[in-house]
There are 2 protein chains.
Amino acid sequence: MTDSDDLPVTAADIDIAAGVLVPYAVRTPLLSCPALDAVTGARVLLKPEMLQRTGSFKFRGAFNKMSSIPKAARGGGVVAFSSGNHAQGVAAAAQILDMRATIVMPADAPLSKRERTRGYGAEVVLYDRDREDREAIAREIAAARGATLVPPYDDPWVIAGQGTVGREIAEDLAGLGLAPDIVVAPVSGGGLIAGIAVAVKARFPQASIISAEPDAFDDHARSLAAGHREPHSAEGRTICDALMASIPGELTFAINRRLLARGVTASDAEIAQAVAFLFRELKLVAEPGGAVALAALLSGRLDARGKTVVIVLSGGNVDADLYARLIV
Amino acid sequence: MTDSDDLPVTAADIDIAAGVLVPYAVRTPLLSCPALDAVTGARVLLKPEMLQRTGSFKFRGAFNKMSSIPKAARGGGVVAFSSGNHAQGVAAAAQILDMRATIVMPADAPLSKRERTRGYGAEVVLYDRDREDREAIAREIAAARGATLVPPYDDPWVIAGQGTVGREIAEDLAGLGLAPDIVVAPVSGGGLIAGIAVAVKARFPQASIISAEPDAFDDHARSLAAGHREPHSAEGRTICDALMASIPGELTFAINRRLLARGVTASDAEIAQAVAFLFRELKLVAEPGGAVALAALLSGRLDARGKTVVIVLSGGNVDADLYARLIV
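Being a predicted model, the structure only gives us computed values, none of them experimental.

(A) A look at the packing of helix 3 (residues 58-67) of chain B against helix 4 (residues 85-97) of chain B. Residues and elements named next belong to chain B. The interhelical angle for the contact between helix 3 and helix 4, taken along N-to-C directions, is 45°, at an axis separation of 8 Å. Compared by their axis directions, helix 3 and helix 4 come out oblique. Seen along the crossing, helix 3 lies across helix 4 with a hand that is right-handed. Taking contact as the criterion, the partners of K58, F59, A62, F63, M66 and S67 in helix 3 are, on helix 4, N85, H86, G89, V90, A92, A93, A94, I96 and L97.

(B) Inspection of the interface of chain B and chain A at higher detail. With 27 residues of chain B at the interface, the matching set in chain A holds 27 residues. Across the interface of chain B and chain A, roughly 2100 Å² is buried in total on both sides, 70% from carbon and sulfur atoms. Counting across the chain B and chain A interface gives 2 salt bridges. Across the pair R116 of chain A and E281 of chain B runs a salt bridge whose closest N-O atoms are separated by 3.2 Å. Viewed at the interface, chain A and chain B are joined by 10 residue pairs in polar contact (both at pLDDT 80 or more). Those elements that place two or more of their residues in the side of chain B that touches chain A are strand 1 (31-32), helix 11 (268-282) and helix 13 (320-327) of chain B.

(C) The arrangement of the side chain of K283 of chain A in detail. Take K283 of chain A: it is sitting in the loop between helix 11 (268-282) and helix 12 (292-298). Buried and without a salt bridge, K283 of chain A has E281 of chain A as its closest oppositely charged side chain, separated by 6.5 Å. Reaching out from K283 of chain A, the side chain makes a polar contact with the backbone oxygen of R280 of chain A at a distance of 2.7 Å. In terms of polar contacts, K283 of chain A uses its side chain to reach the side chain of N317 of chain B, at 2.8 Å. The contacts of K283 of chain A, once residues within four sequence positions are left out, are L278 of chain A together with M50, L51, G55, R116, K283, L284, V285, G316 and N317 of chain B.

Reading the values: the criteria
Residues numbered from 1 in each chain as written. Chains lettered and ligands numbered in written order. Predicted model: local features only at pLDDT ≥ 70, side-chain atom pairs only at ≥ 80, totals over all residues. Heavy atoms only, no water. Axes fitted to C-alpha atoms, helices over the stretch in contact; angles between N-to-C directions. Helix = DSSP H or I, 4+ residues; strand = E, 2+ residues; numbered from the N terminus. Parallel < 35°, antiparallel > 145°, perpendicular 65-115°, else oblique. Left-handed = near helix turned anticlockwise from the far one by under 90°. Contact = heavy atoms within 4.5 Å. Buried area = accessible area lost by both parts, 1.4 Å probe. Salt bridge = Lys/Arg side-chain N within 4 Å of Asp/Glu carboxyl O. Polar contact = N/O pair within 3.5 Å; in protein donor to acceptor, adjacent residues only side chain to side chain. Buried < 20%, exposed > 50% of the residue type's maximum accessible area, 1.4 Å probe, protein only. Lys, Arg positive; Asp, Glu negative; His and termini not counted.

This is the structure:
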């Protein structure tokens, strides 16, 4: 019944992940927001994954992946590399599953993300983002300890876990009697939107699934336009510490090139305005990367007048001092 | 079937209000939050009314009241006195119902509340909180213009509208197969908790309904202990600009003395910590008054270990500069 049966992750995989996650993940709501409808002329529904356990959607994929590790292999623990949200997802899942977790994080990751990762009982190993290879460090630790590597996006269990976001969106839309014209989600490696695309298109094949990323990390927009994986256009910086993957994942892009309509981007200034809008009008704390899909809508780069649009807000782990600067 | 049939507001009134509000109010979710369960040892569910239209629950009561005004009487518009959240609720409802609104606000109300009230198209009249009588000013305007006064809490339609918060809580708890041991909500005049008490006790008669207020405005805690309306104990100040009523309402207390178990209070410092906790762990923007029930729980003044507890977060309209100071 779905057109995802020959993809690396199917709607059935996401159904199974949903069952695995039920006792542990927060079923985040689908929020309507009159203030946003008034500004955009669209019927906007928000999926606020900052309300998820650990403050981002990443817990879903991490927990689903780690639940798939055979009991006999759990003694060696897990290792992951992450700029912060995946780190917390893995650490929190490890705490629940009673596994040891080691996380390789960039030294410039937000303080709150490092502290929260340690708070879940994980060991944090810092590396230099510009000079060291985080994957190599993680693989070395995995080999030395017999630990299982939990990839941030390019893994079928991780993608299926993130897909439960889309499954909940589809269920709640159906409950409201609505069909989505557009679903927009932030992308970095592309795992979240790949899972969402599989789940949403299984129920609403006509929906346009659109990726959103910072101008400086526009690899998905470029890759979707080209039809093959392309890196981002230039070395840039962005306030979106969570969205700094430089090229789409292999597995995720195998899904996304088939199911996504296109990609949009937003500037750091537009993203900051979206964070402030969420504070002022919607009372939701978003980190910059979590607000990029909304930024594309609010800036007018994505025209959705007259349409039913779902905006995924992917996370809210932002340092207080940066947040204070963004909202005033 | 309910024990509220001889009270000024019944569960049936709240059912009717729910029908009136369906097309306009946001049905706020009931959120579970593992981080809060871990800290308190309770099963905590949050009702985040900062996600409501206008950023607080006040839209519910205002819209329900104003919908009850006969069409022939709507030409004179409405007038209300409010420190800010009721102001926005009345202004937004007037905009939807195409009525003129005049709001009498204290000159020291948060800037964001004054600006947002004007943003909904209302006329704002400022008064000196220490030297002028806001009720007299509002009545004068009402008389001069043939406008209808929309009271902030002491009115059956207003209470019934706020009661839809409790009705949604009860519905969602039933859907989760949970019965609440305790429901805690912020109080000022007492309209929100009166409506919640009627709706929740209609479905869960065993639930303890508890009011929460700042130490300096402890009139409900004192009045519930005494069995009759008492003013707060001393002239104090609080960061909770939304919770500065000095004595319970007459109608609201007629309900609350029958249905509430008791009152708890929290200090400004505890309230500030609750606002910061909501930022850091739950990614919800609360104004100080909106977080007082959570403050009572987090501070340990309310011991809920092993219990199922619903915490109502009543609003999130806070100026960015104050918020920045509270979270860092």
